[in-house]
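Summary of the model geometry
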Amino acid sequence: MNLWKFHGGVHPNGHKNLSNQTNIIDAPIPRFLVLPLLQHIGEPTEPIVRVGEKVLKGQIIAHCHAEDCSLMMSAPVHASSSGTVVAIEKRNVPHPSGLMATCIVIETDGKDEKIGNCQPIPNYLEHDPSRIRRRIARAGIVGLGGAGFPSHFKLKPEGIDTLILNGAECEPYITCDDRLMQEKSADIIEGALILKHVLGGAKHCIIAVEDNKPEAYQSLCEATANEEGIEVKQVPTRYPTGGERQLIQVLTGKEIGRSELPAQHGIVMHNVETARAVYRAVIEGRPLLSRIVTVTGSGVEQPQNFEVMLGSPMSSVIEQCGLKPNAGRLIMGGAMMGMALPNADLPVVKTTNCLLVSTEDDVESNTNPMPCIRCGACAEACPINLLPQQLYWYAHSKDFTKIQDYNLFDCIDCGCCSYVCPSQIPLVSYFRYAKSEVRTLQSDKQKADIARQRHEFREFRVQREKEEKAARHKKKAQAANKKNAISEAVERAKAKKQTAEKVD
C-alpha cells in the first residue's frame, strides 16, 4: 500500500516513554461521580433521574428524549457506578469556555452493582446493521480520540467502502491508545469487524499506527493474522498525522476540504478506543462507562495510564501518580492542542484522553514573545497550507474582516506554527481569539439583522394597519354616503308623490 504526504507538520519530542512502559491499571471508584449532561458534540441530554434516587452501574441517567436515539446527534449519559443521586446542579466542567454546566452528582456506594437490562449481541452478524447501530447509540459512545462526535452518526452505510481506525496518536505525551493497542488488540479488531458490519460490509479496513509504536503494531498484526479485509499500516511519525484529514491524505492520497465530510469520499474514521467501546457495547452489553486516560508530565512522580470511570474527579486520578510539590499547570489533552484547566477539581469526561501536569519551572521557562521576523517557518509547518504570519498580523490588528480572506476557519489549531516560531509568538492563541471575535461579530450581526427585520416588519405592519384602517373608514364613509344618498332619493320620491297627490 502506497503512502502519501501532507504539507508541513513537525517532529516534537514525544515524551511517550514517560507513560508507555507499564500496563493500564484500574483507577479506584471515587466517592462522588460528577457527570455533565453534555459530553459530546451535538444535542444536549436531559436528566431522567431525581435527587435521592438509587442508580445502578450502566443505567441511563440522561438522554435526548427521542424515541430512537440513533436518529439524533446526541449520546445518552450512564451511571458509571452504583450509588445515589445527591444533586442535579451546575458545576465547573472541562470546557474552553470556562462556564459551568448542569451535572448529575452520584454518591457511590462502593458496590459497583450493575444493571441487568443490557443484553450482549454476540451473534451480531445475524442481526440487521440498524439494530447494532441503535445499540451503539444507546451505549452513549462518542469519538474517544478527543472530538466527541456521536459515533452512531458516522455509521451510515450509504456509499462507504473504507473504514479507518486511527491509532496514530501523534500528540506528545499521550499514550492511552498505544497501551490499549498493545493490551486489547483483539477487542479493537472485533470492534472493527462490528463497525464494518454496521457500515454495510465496508470492503476495506485500515488500522493506522505511527511507526514509533512497534509493540502496538506487532500486537495488532498478530490479532489480524486470520482476518481478511483488515490491514494494519505503519505511518511515519509526524505531527499532526493523527488529524482526520491528514491521516486520510497519508493513507489514500485524498484531500478532504473543510466543507466536505470523509463520508462524501466513501471513508469513515474512528479512533481505536472507540472501536473497543463498540466491542464492549455489542459483545459484552456494556455502555460507555469508562475510558483510558494518560496521566503524565513532569509534575507527577509516576506517569501512568488508567481505566477511569467517567465522572471521576481529575484530582483523584492524578493523586494515584503522586503529585510533585512544585506541580503547576494542568492541561487536558496533549502539549500541542491541549486545553489548560484552572484546577483539578473537574470531572473526567468522555473526551478526556490525557491529564498533563507540568511543574512551575516548565511554566516559568516560557519566554516572552518577540516581534515577528517574517521568516516563513510557520507557513512551511502549517499542515493546511495557510499563511499563519498573515493571520497573525490581522488578528493582532483586530482586522476581523481581512483575516477571513486568509481562511482563518480552515485552521485546525494544531500548534505547528507556534512550535516552530523562532520569536515564540503564541500564534494559535491569536487565531482562537480571532475566531471567537469573528463568531461574536457574526452572532451580533445576526441578532442585529433579526432586530432590523423585526423593526421593519413592525413598521410594515403598523403602516399596513393604518392603510387598512383608512380603507375601512373610507369604505364606511362611502357606504354612509351611499345610504344617505338613497335616503335622500327616497325622501325626494316621497315628497314628489305627496306633491302629485295634492295636485290631484
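Presented here is an overview of the structure given in this document. Because the structure is predicted, anything quoted here is derived from the model rather than measured.

Rules behind the numbers
- Residues numbered from 1 in each chain as written.
- Predicted model: local features only at pLDDT ≥ 70, side-chain atom pairs only at ≥ 80, totals over all residues.
- Heavy atoms only, no water.
- Salt bridge = Lys/Arg side-chain N within 4 Å of Asp/Glu carboxyl O.
- Helix = DSSP H or I, 4+ residues; strand = E, 2+ residues; numbered from the N terminus.
- Buried < 20%, exposed > 50% of the residue type's maximum accessible area, 1.4 Å probe, protein only.
- Pairing = 2+ DSSP bridges.
- Contact = heavy atoms within 4.5 Å.
- Axes fitted to C-alpha atoms, helices over the stretch in contact; angles between N-to-C directions.
- Phe/Tyr/Trp six-rings, centres within 6.5 Å; stacked < 30°, edge-to-face > 60°.
- Lys NZ or Arg CZ within 6 Å of the ring centre and 35° of its normal.

Considering all chains together, one arrives at 17 salt bridges under this definition. Here K435 ties to D413 by a salt bridge, and the two come within 3.0 Å at their closest N and O atoms. Of the two residues, K435 sits in helix 12 (residues 427–503) while D413 sits in the loop between helix 10 (388–396) and helix 11 (416–420), which places them 22 residues apart along the sequence. In this structure K435 comes out as buried when scored by relative accessible area, which is 5%. Taken together, the salt bridges that share partners define one network made up of K445, D449, R452 and E456.

Burial of helix 10 is extensive: seven of the nine residues sit out of reach of the surface. Every buried residue belonging to helix 10 is among P388, Q389, Q390, L391, Y392, Y394 and A395, and all of these are buried. A positive backbone phi angle near 60° is found at K398, which sits one or two residues after helix 10.

One open sheet holds the six strands; their spatial order is 1-14-13-17-15-16, and the pairing between them is mixed. With one partner strand each, in any of the chains shown, strand 1 (25–26) and strand 16 (339–341) form the two edges of the open sheet. By the bridge criterion, four bridges tie strand 15 (residues 327–332) to strand 17 (residues 354–359) in an arrangement that is antiparallel. Opposite A327, over in strand 17, you have T359 as the bridge partner. Seen against the sheet, helix 2 (residues 176–183) touches strand 13 (290–296) and strand 14 (304–309) and runs at an angle of roughly 125° to strand 13.

Moving on to the sheet that holds strand 2 (residues 32–36). Spatial ordering of the open sheet is given by 2-8-7-4, a layout of four strands whose pairing is antiparallel. Every interior strand has two partners, whereas the edge strands, strand 2 and strand 4 (54–55), have only one. Where strand 7 (residues 83–92) meets strand 8 (residues 100–108), nine bridges bridge the pair, whose relative direction is antiparallel. Among the inter-strand pairings, A87 is bridged to a residue of strand 8, identified as V105.

Moving on to the packing of aromatic side chains. Following the criterion strictly, the structure yields six aromatic pairs and no others. Centroid distance F149 to F153: 6.5 Å. Interplanar angle 65°. Geometry classified as edge-to-face. Seen in terms of ring centroids, Y392 and Y430 are 5.0 Å apart; in terms of plane orientation they differ by 90°. Their pairing is edge-to-face. Note that Y392 is positioned in helix 10 and Y430 in helix 12, a separation of 38 residues in sequence. A relative accessible area of 8% places Y392 in the buried class. Under the relative-accessibility criterion, Y430 is labelled partly exposed at 25%. Following the ring pairs from residue to residue traces out a cluster consisting of Y392, W393 and Y430. Stacked on the ring of F153, the Lys or Arg K156 has its end atom at 4.1 Å from the ring centre.

Of the pairings in the sheet, the one linking strand 3 (residues 46–47) to strand 5 (residues 60–63) comprises two bridges and is antiparallel in character. The residue bridging P47 from the neighbouring strand is A62, located in strand 5. Pairing geometry for strand 5 and strand 6 (residues 77–78), over two bridges, is antiparallel. In the sheet register, I60 faces strand 6, and the bridge partner there is H78.

Moving on to helix 5 (residues 244–252). Within an α-helix, residues lying three or four positions from one another point in the same direction, as the helix has 3.6 residues per turn. All of the buried residues in helix 5 are Q246, L247, I248, Q249, V250 and L251. Here the buried face of helix 5 lies against strand 9 (162–167), strand 10 (204–210), strand 11 (230–235) and strand 12 (267–271). A positive phi of about 80° marks G253, the residue just after helix 5.

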